[in-house]
Structures are given as C-alpha cells and as structure tokens.
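# Coordinates in review
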Amino acid sequence: MMVLAKIKLSLELTNQERICKLSEALKAADHGLLLGGELRNELTKTAEILTLQLSKCNSKKIFDNILEPSSSLPEFCGIRGDLIPVLSCPSLETFYSDYFKPRKPVVLKDCINHWPALSKWKDINYLLTKAGERTVPVELGSKYDDSEWSQKLMNFRQFVEQHILVTKNKNETGYLAQHQLFLQIPELKEDIREPEFCCCSDLKETNLNEENEDVDINAWFGPAGTVSPLHFDPKHNLLTQIVGRKRIILYDPKYSDRLRPYETKLLNNTAQVDPESPDYNKFSGYKDTPALETILNPGEMLYIPPTWWHHVRSLDISFSVSFWW
Ligand SMILES: O=C(O)CCC(=O)C(=O)O
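Residues numbered from 1 in each chain as written. Predicted model: local features only at pLDDT ≥ 70, side-chain atom pairs only at ≥ 80, totals over all residues. Heavy atoms only, no water.

So, on to the domain arrangement of the chain. You can read the domains of the chain as domain 1 (2-57) and domain 2 (82-324). One C-alpha centre belongs to domain 1, the other to domain 2; they are set 31 Å apart. At the junction of the two partners, domain 1 supplies 11 residues and domain 2 supplies 11 residues. For the pair domain 1 and domain 2, the summed buried area comes to about 890 Å², and 64% of that belongs to carbon and sulfur atoms. Counting across the interface, domain 1 meets domain 2 through 1 salt bridge. Of the charged contacts in the structure, one is a salt bridge between Asp30 and Arg134, with a shortest N-O distance of 2.7 Å. Our count for the domain 1 to domain 2 interface comes out at 3 residue pairs in polar contact (both at pLDDT 80 or more). Looking at the side of domain 1 that touches domain 2, the elements with two or more residues in it are helix 2 (15-35) and helix 3 (40-57). (Domains from an automatic or database assignment. Contact = heavy atoms within 4.5 Å. Buried area = accessible area lost by both parts, 1.4 Å probe. Salt bridge = Lys/Arg side-chain N within 4 Å of Asp/Glu carboxyl O. Polar contact = N/O pair within 3.5 Å; in protein donor to acceptor, adjacent residues only side chain to side chain. Helix = DSSP H or I, 4+ residues; strand = E, 2+ residues; numbered from the N terminus.)

Next up, the structure:
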C-alpha cells in the first residue's frame with residue numbers, strides 16, 4: 001500500500017521530484033523484497049513498473065567500458081594445485097557417472113555458449129539499464145573472515161561507480177556476493193538458463209523432463225581481487241563464469257582436519273589456513289595437502305561437489321552465477 005501511495009504522489013511533479021519519489025518507492029519495494037515474505041510477486045511487479053518509469057525520467061550516463069578479461073595472468077602466491085580436468089560439453093550420463101556420483105570436481109566448457117548473458121553482461125550499460133536503480137547487498141572488505149568486513153545495502157549504480165569502474169577503490173573492496181539477484185530482477189534471469197546437469201540427483205537416476213525446483217541461483221559480481229576464503233557448502237554447485245576470470249583452489253573434504261576449520265558456529269565451514277599465504281608454523285598439518293586448481297574463464301562452469309573446500313579469487317572484473325542444488 002505504501003508503495004502505491006508513493007506512486008500516486010509521483011503524478012503532477014517536476015521531473016526531478018518524480019525521480020526522487022519513484023526512487024524512494026523503488027527502494028521501499030526492494031527493501032520489502034530483500035526482507036522476503038508473502039508479497040514477493042506484487043513487489044517484483046511493482047519494482048519492474050517503477051524501474052521502467054524511472055528509466056523514462058533519468059538521463060542516461062553512458063560508459064564505454066566493455067568487461068573483458070585482461071590478456072595476462074598475475075603471479076600467484078602460495079600453494080599450487082594439480083589442474084582440475086576440463087570436459088567439452090559432456091553428456092548428462094557422463095557427468096552423472098564420472099563426476100556427480102563419485103563427487104569429483106570438473107570444469108565443463110562449451111555448455112553455455114548460447115546464453116545471452118555471455119555477450120550482454122560485458123556491457124555495463126546493459127546491466128545498469130536492468131538493475132541500475134535497484135538496491136543490492138554489498139560485502140565491504142577484503143574477505144568475509146576479516147574483522148573489518150561488513151555488509152551494506154546500496155544502489156547497484158553506486159556499487160558499479162564506486163567499486164567496479166575504478167582501478168582500485170581507495171578504501172575497500174566491494175563485492176555483490178551470493179545474492180539472489182534473479183529472484184529480485186526476473187528479467188535478468190532471461191539471459192541465463194538452468195543447466196540440465198542440475199537435474200542430477202542422489203535419490204534417483206537422472207530425469208531430463210523433471211523441472212528441479214530446488215536450485216538456488218546466486219549472483220557474484222565484483223572487481224578484480226575479491227576473495228572468498230577457503231570454505232565449503234553442503235550442496236552440489238555449478239559455479240558458472242560469465243564475465244572475467246576466477247582462480248579457484250579446491251580441497252577434498254577428506255583433508256578437512258588439516259585445513260583447520262574455525263571453531264565458532266558461524267564460521268565452522270571456513271578454514272583458518274589461507275592457501276595464498278600458508279602459515280606452516282601455525283598449521284603444520286596443512287603442508288603438502290594435495291590441492292586442485294583451475295582458472296575459470298568466461299563460458300566455463302566448475303562442478304564443486306558438496307562439502308569440497310573452495311577458495312575463490314577474481315582475476316578481472318568478474319560476474320559469476322552459482323547454481324546450488
Ligand atoms: O565466487 C566466489 O567468490 C565464491 C563462490 C562460492 O563460494 C560458491 O559458489 O559457493
């Protein structure tokens with residue numbers, strides 16, 4: 001109701017006043033969406049209408065940045081792992097029997113070449129048109145297990161201007177991490193597809209016709225240098241690279257003890273060891289623990305089996321989408 005009242009107020013106003021009112025209403029709708037709850041469908045529709053109205057009032061600032069990986073690779077610090085095998089567009093049966101069932105990581109390439117996101121999301125103006133005025137959660141700080149780390153809600157356009165299109169943010173890294181952006185902005189979901197590999201299930205043989213409703217899709221958008229510290233998740237994951245590259249280090253869950261998970265409940269899926277700067281005096285058991293690694297390029301997906309440890313660093317401005325099931 002409050003959102004509708006705000007729309008009503010926005011009639012008969014100057015352009016600037018209308019922008020302010022529409023922005024306020026959109027912010028209120030987004031806060032409602034981010035909090036979750038029963039009005040999701042209504043708020044999603046309202047936000048869509050408000051975004052359209054705002055795009056008619058706002059004069060557009062055009063950026064000429066095309067988000068391409070840099071032509072070189074940085075020097076990597078710390079441990080080096082064995083390379084994760086790469087398969088070109090395997091059949092569902094091969095993926096199921098050789099990787100999903102035995103819980104083995106694999107890089108899948110040539111599976112998503114048809115996704116519109118691969119070309120569209122390189123253009124920051126496109127992302128700004130779809131999401132520029134939307135409120136999104138941003139992680140601030142170099143990595144989430146640092147004491148200085150925090151989270152903030154901000155406008156997607158501000159996030160892009162302050163954290164993406166700058167050579168180096170003076171104060172801190174900003175990362176739009178693990179956010180259900182495609183529930184918030186369903187229009188962006190039209191640029192991606194749910195990989196058929198997400199139909200694989202531990203309970204039954206694969207069934208192509210069955211829509212898997214339990215896939216959590218998250219967006220990860222940030223500048224070069226974001227780090228997700230070594231941690232594990234309970235679900236199967238296809239981490240899909242759309243823009244830029246990421247370096248990913250993996251450890252088999254059988255080595256969990258050597259990685260020294262934090263003892264607090266909040267961080268007990270996160271390791272104290274840092275593969276990029278290993279402290280062998282403090283964590284002597286960690287030395288020589290076999291690791292796997294890959295550089296994930298745009299258009300590639302990494303299958304991370306449940307409970308496999310992963311450490312992720314972005315090498316360029318990067319946009320990834322994870323599918324957890
Ligand atoms: O891309 C990242 O920074 C982390 C991704 C991740 O941890 C995940 O998909 O589970």
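The 5 strands are arranged 1-11-10-13-8 in an open sheet whose pairing can be described as mixed. The outermost strands of the open sheet, each flanked by one partner alone, are strand 1 (82-83) and strand 8 (227-231). As judged from the 3 bridges shared by strand 8 and strand 13 (residues 309-314), these two strands associate in the antiparallel manner. By the bridge assignment for strand 13, His231 is matched with His310. (Pairing = 2+ DSSP bridges.)

A word on the site of the ligand. Taken together, the neighbourhood of the ligand is formed by Tyr175, Trp220, Ser228, His231, Asp233, Asn237, Leu239, Lys246, His310, Val312, Ser322 and Trp324. In the model, an oxygen atom of the ligand is placed 2.6 Å from a nitrogen or oxygen of the Tyr175 side chain. Contact between the ligand and His231: an oxygen atom at 3.0 Å from a side-chain N or O atom of the residue. Only strand 8, strand 9 (237-243), strand 13 and strand 14 (318-324) provide two or more residues apiece to the shell around the ligand. (Near = heavy atom within 4 Å.)

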